[in-house]
Every structure is written in structure tokens, then in C-alpha cells.
Amino acid sequence: MTRHHLHGLAALLLIGGGALYIFTETVAPALAGLGCTIGAAVLLIIAWYRERPNNDG
């Protein structure tokens, strides 16, 4: 996967996680939204690593 794909997936996860935060009133979907936000952060870290010029991967 290219870093552009990873950025797109991270954006979708942030949108979905934000929608879970906004449109729910219970704890379980809010925790799922938190998981989406953490997943987006992980994808952005992976994308950042791929765009570095001197990586070994």
C-alpha cells in the first residue's frame, strides 16, 4: 500500500470515529470511536515511516 492509500484510510477512520463520538450516547460506540482514532494514528505513523528517504524497508 502506498502512503497515499494509508492517508486516505486514516482519514476515513477519523471521519468514522468522529461520527461515533458525535452521534452516540453510550460508552461502547465511543470506545469504538477511540479505537478508530488510535488506528488512524497508527496508519499515519506507518505512512510517515514509508515517506522517509533513508528507511531500510
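A. Here's a closer look at the packing of helix α1 (residues 3-23) against helix α2 (residues 27-51). In the contact formed by α1 and α2, the axes pass within 8 Å of each other and the chain directions differ by 165°. When the interaxial angle is binned, α1 and α2 end up roughly antiparallel. The handedness of the crossing between α1 and α2 comes out as left-handed. Here the contact of α1 with α2 is built from residues that sort into 17 nonpolar, five polar and three charged.

B. Main features of the nonpolar core. Ranked by size, the top nonpolar core spans five residues in total: Leu6, Ala10, Ala40, Leu43 and Ala47. Per element, the largest residue contribution to this core is three residues, and it comes from α2.

C. Spatial organisation of α1. Between its first and last C-alpha, α1 extends 30 Å over 21 residues, near the 30 Å set by a 1.5 Å rise per residue. Turning to α1, its buried residues are Leu6, Ala10 and Gly17. In a view along the axis of α1, the buried residues occupy a sector of 40°, so they form one face of it. Of the residues in α1, the exposed ones pointing more than 90 degrees away from the buried face are His4, Leu12, Ile15, Ile22 and Phe23. Elements that come into contact with the buried residues of α1 comprise α2.

How each quantity is defined
- Residues numbered from 1 in each chain as written.
- Predicted model: local features only at pLDDT ≥ 70, side-chain atom pairs only at ≥ 80, totals over all residues.
- Heavy atoms only, no water.
- Axes fitted to C-alpha atoms, helices over the stretch in contact; angles between N-to-C directions.
- Helix = DSSP H or I, 4+ residues; strand = E, 2+ residues; numbered from the N terminus.
- Parallel < 35°, antiparallel > 145°, perpendicular 65-115°, else oblique.
- Left-handed = near helix turned anticlockwise from the far one by under 90°.
- Nonpolar A, V, L, I, M, F, W, Y, C, P; charged D, E, K, R; others polar.
- Core = buried A, V, L, I, M, F, W, Y, C linked by side-chain atoms within 4.5 Å.
- Buried < 20%, exposed > 50% of the residue type's maximum accessible area, 1.4 Å probe, protein only.
- Expected span 1.5 Å × (residues − 1).
- Arc of directions from axis to C-beta.
- Contact = heavy atoms within 4.5 Å.

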